[in-house]
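Spelled out, the chains give:
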Amino acid sequence: MSLRVTFAGVATVAAVVVLGGSPVPAATARGTAVSQQDTAYLRAAHQGNLAEIAAGKVAQAKGVSDAVRSIGATLVADHTELDAAVREAARRLDVTLPTRATQRDRAMLERVSALSGPAFDRAWVTAMIAGHRAALRLGKKELQEGSSTTAKEVAQSGAPVIRKHLNELLSAQK
């Protein structure tokens, strides 16, 4: 799960340069503005959840160790629930979400999925550790820089779940 806001930020800056304007926050259905940080966070969190759900399913199917298969099942269940909160926040704030994980996350899962046996387990756990660390950084940034209470609540409530996953992954790596 590699959650990245940099792509959203680059796209926004590129659009501003090409269109010759200043970045304008998205407007909600109620007419209040949603900051670029909040929008980027919700989009990246959604894409990360999609990546984690897919990775969890692959781990359940290909994992050799009980730990990898079990963590995979946990990721599917927990990230499905976390994503429901992200989707609800996006709906409330009138933020359009991407339809799939980032190209980078899809490519990572494809590379890891090409492996088998213990090599798959090691690569999968390593990738998931990196993704969960990135997710925690993304949530921390939202809590520090976000302006929407709705988006910040999603980041706050998701952090303990992501930390729990990271701890399980670190234990499995040993």
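The structure this text deals with has already been given above.
Residues numbered from 1 in each chain as written. Predicted model: local features only at pLDDT ≥ 70, side-chain atom pairs only at ≥ 80, totals over all residues. Heavy atoms only, no water.

Because an α-helix packs 3.6 residues into every turn, residues spaced three or four apart end up facing the same way. Buried within helix α4 (residues 103-113) we find Asp 105, Met 108, Leu 109 and Val 112. An end-on view of α4 places all buried positions within 95° of arc, on one side of the element. α4 presents Gln 103, Glu 110 and Arg 111 as exposed residues on the side facing more than 90 degrees away from its buried surface. Looking at the buried side of α4, the elements it contacts are α2 (36-62) and α5 (117-145). (Buried < 20%, exposed > 50% of the residue type's maximum accessible area, 1.4 Å probe, protein only. Helix = DSSP H or I, 4+ residues; strand = E, 2+ residues; numbered from the N terminus. Arc of directions from axis to C-beta. Contact = heavy atoms within 4.5 Å.)

Before going further, it helps to spend a moment on the pattern of salt bridges. Here the structure, examined in full by the defined rule, presents 5 salt bridges. Asp 78 serves as the salt-bridge partner of Lys 164, at 3.4 Å between the closest nitrogen and oxygen. Separated by 86 residues along the polypeptide, Lys 164 in helix α6 (residues 149-173) and Asp 78 in helix α3 (residues 66-93) bring together distant segments of the chain. On the basis of relative accessible area, Lys 164 is assigned to the partly exposed category, the value being 38%. Asp 78 sits in the buried class, given a relative accessible area of 18%. (Salt bridge = Lys/Arg side-chain N within 4 Å of Asp/Glu carboxyl O.)

Before going further, it helps to examine the layout of surface pockets. Of the pockets and cavities examined, the second largest pocket occupies roughly 230 Å³. Considering the residues around the second largest pocket, the lining is formed by 22 residues, among which Tyr 41, Ala 135, Ala 155, Gly 158 and Ile 162 are closest to the centre. Elements with a minimum of two residues in the lining of the second largest pocket: α2, α3, α5 and α6. Top contributing element to the lining of the second largest pocket by residue count: α6, with 7 residues. By residue class, the composition of the lining of the second largest pocket is 15 nonpolar, 5 polar and 2 charged. (1 Å grid on protein atoms, 1.4 Å probe; cavity = no way out; pocket = protein on both sides within 12 Å on 5 of 7 lines; lining within 4 Å. Points joined across faces, edges and corners; volume = space filled by probe spheres on them. Nonpolar A, V, L, I, M, F, W, Y, C, P; charged D, E, K, R; others polar.)

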